[in-house]
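# Structure assessment
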Amino acid sequence: MSTHASFRAAPRRLSIVRVAEVRTGETFPESVRRGLGSTPKTLSCQFFYDEAGSALFEKICDLPEYYLTRTEDAILREHAEAMVAGWDEAPAMIELGSGSSTKTRHLIGAALETYGELHYVPIDVSPTILEASARELVADYLPLRVTGYAGDYHAALEEIARRIQRPKCVLFLGSSLGNYEDDQAASLLAHVARSMGPEDRLLLGTDLIKDRSTLESAYDDAQGVTAAFNRNLLVRINRELGGDFALDAFRHEARFCEDRERVEMHLVSLRDQAVSIPGADLAVSFARGESIHTENSHKYPIAGLARLATRAGFVEEASWTDAHGRFRVQRWRTRPVQ
């Protein structure tokens, strides 16, 4: 199921578990073949996060237009103590999609101040970022122990549930939930709920509905970092599947679809063209103006979040937001079985 590797630096405090992937979905070539062979054309956002994509996303989080990171960061900074309160002993802090764990430091610091110790368990698909951030954390927080899981959420949560018996505080920050369609989001959260016990809690960060200009700017920045992140899917297809995409023949576009409460990212073909992808056994034609739909980022009304909690088996305990009502962090517990 997994392999375990401890590093020489602070071997008792830092380890990485590489979770063996159990293929329940499509492989990269299968996904590319299906998505680009369909109408309209799509590519799955789950393949954004190779090493280059993960690094580009970290840059996105620092952009002036990308309010999500700094707004959530401010909420966490102000309310971290309340968010991690309520346990008799330090809960294991488990984070889905941890990335560089920058914002999580507010919660880690508050937990260490409250309980004097902490076991932090980040999960991320990128072993490179996971290992780098884990090394920085154990160097900066001496009472902290870090066990990182490199792999997908489902397999990692199952293994963590077997290995860690103490109470858990599960983190899913950054509005990452917004990348999932409603049914997928409810299914993922239900899976998280099934991995939790009565003493466990989920801290969920979600972006809220707001004006079109703010939303579209957040996903189409002036520096073009988000455009590079989006086009990196084509770079990956060229590198891994032998594709011959001309990167300058596709324009990045962000669209807020009010009726669907989501920002869509597209790659729009600037000319009539044909692309060959031998590794996906595919040749595909594009008309000028035709787009590849690559990502959705859903934005939530408060009532929608309440419905999602109920569908997934959660009850809300508390919530925190910023002064402008842009972003929300909620603390949920599992609903008792009747």
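Use the structure listed above.
Summarised in this report is the structure supplied together with it. (Residues numbered from 1 in each chain as written. Predicted model: local features only at pLDDT ≥ 70, side-chain atom pairs only at ≥ 80, totals over all residues. Heavy atoms only, no water.)

### Structural notes on the layout of surface pockets
To keep things clear, this is the line we draw: With a 1 Å grid laid over protein atoms only, a set of points is called a cavity when a 1.4 Å probe fits there but cannot get out and a pocket when it is open yet has protein on both sides within 12 Å along at least five of seven lines; lining residues have an atom within 4 Å of a point. Grid points are joined across faces, edges and corners, and a volume is the space filled by probe spheres set on the points. Charged means Asp, Glu, Lys or Arg here, nonpolar means Ala, Val, Leu, Ile, Met, Phe, Trp, Tyr, Cys or Pro, and polar covers whatever is left, Gly included.
Volume-wise, the second largest pocket comes out at about 240 Å³. Residue lining of the second largest pocket: 13 residues in total, with Asp182, Glu261, Tyr300, Gly304 and Arg307 positioned closest to the centre. A class-by-class count of the residues in the lining of the second largest pocket yields three nonpolar, two polar and eight charged.

### Structural notes on the pattern of salt bridges
Where we set the bar: The working definition used for a salt bridge is a side-chain nitrogen of Lys or Arg within 4 Å of a carboxyl oxygen of Asp or Glu. To qualify as a helix, a DSSP run of H or I must reach at least 4 residues; to qualify as a strand, a run of E must reach at least 2; elements of each kind are numbered from the N terminus. Each residue is placed in one exposure class: buried if its accessible area under a 1.4 Å probe, protein chains only, is under 20% of its type's maximum, exposed if it is over 50%, and partly exposed if it falls in between.
For the structure on display, the rule yields 23 salt bridges. The salt bridge involving Glu290 is made with Lys41; its shortest N-O contact spans 2.5 Å. Of this pair, Glu290 sits in the loop between strand E12 (282–286) and strand E13 (291–298) while Lys41 sits in strand E3 (residues 41–42), and the two are 249 residues apart along the sequence. Here Lys41 falls in the buried class, since its relative accessible area comes to 8%.

### Focus on the packing of helix H7 (residues 182–194) against helix H10 (residues 302–312)
Helices that pack against each other are described as a pair by the angle of their axes relative to one another and the distance between those axes. Keep this limit in mind: For helices, the fitted axis covers only the stretch in contact; all axes are lines through C-alpha atoms, and the angles between them, taken along N-to-C directions, range from 0 to 180 degrees. Any angle from 65 to 115 degrees is called roughly perpendicular, while one under 35 is roughly parallel, one over 145 is roughly antiparallel, and all others are oblique. For a crossing to be left-handed, the near helix must be turned anticlockwise from the far one by less than a right angle; the clockwise case is right-handed. Whether two residues touch is decided by their heavy atoms; if any such pair falls within 4.5 Å, the residues are in contact.
Contact geometry of H7 with H10 gives a least axis separation of 8 Å together with a crossing angle of 50°. When the interaxial angle is binned, H7 and H10 end up oblique. The handedness of the crossing between H7 and H10 comes out as right-handed. Facing H7, whose interface residues are Asp182, Asp183, Ala185, Ala186, Leu189, Ala190 and Ala193, H10 presents Leu308, Arg311 and Ala312. Split by residue class, the contact of H7 with H10 holds seven nonpolar, no polar and three charged.

### A closer look at the packing of helix H2 (residues 51–60) against helix H9 (residues 225–241)
Contact pair H2 / H9: the axes reach a minimum separation of 9 Å and the direction vectors enclose 160°. Between H2 and H9, the angle falls in the class roughly antiparallel. For the element pair H2 and H9, the recorded crossing hand is left-handed. Contacts between H2 and H9 involve Ala52, Gly53, Leu56, Phe57, Lys59 and Ile60 on the former and, on the latter, Val225, Thr226, Ala228, Phe229 and Asn232. Classifying every residue of the contact of H2 with H9 by side-chain character gives seven nonpolar, three polar and one charged.

### Examining the sheet that holds strand E9 (residues 250–257)
Worth spelling out the cut-off: Two strands qualify as a pair provided that DSSP identifies no fewer than 2 bridges between them.
Read from one edge of the open sheet, four strands run E3-E13-E10-E9, paired in mixed fashion. The open sheet has two free edges, formed respectively by E3 and E9, since each of these has just one partner strand. Across two bridges, E3 lies against E13 in parallel orientation. Following the sheet pairing, Thr42 is matched in E13 by His293.

### What about H7?
So the rule is basically this: Here the expected span of a helix is defined as 1.5 Å times the quantity of residues minus one.
The terminal C-alpha atoms of H7, which comprises 13 residues, lie 18 Å apart, in line with the 18 Å expected from a rise of 1.5 Å per residue. The set of residues buried in H7 consists of Ala185, Ala186, Leu188, Leu189, Ala190, His191, Val192 and Ala193.

So far we have only geometry, and geometry alone does not tell us how the molecule works.
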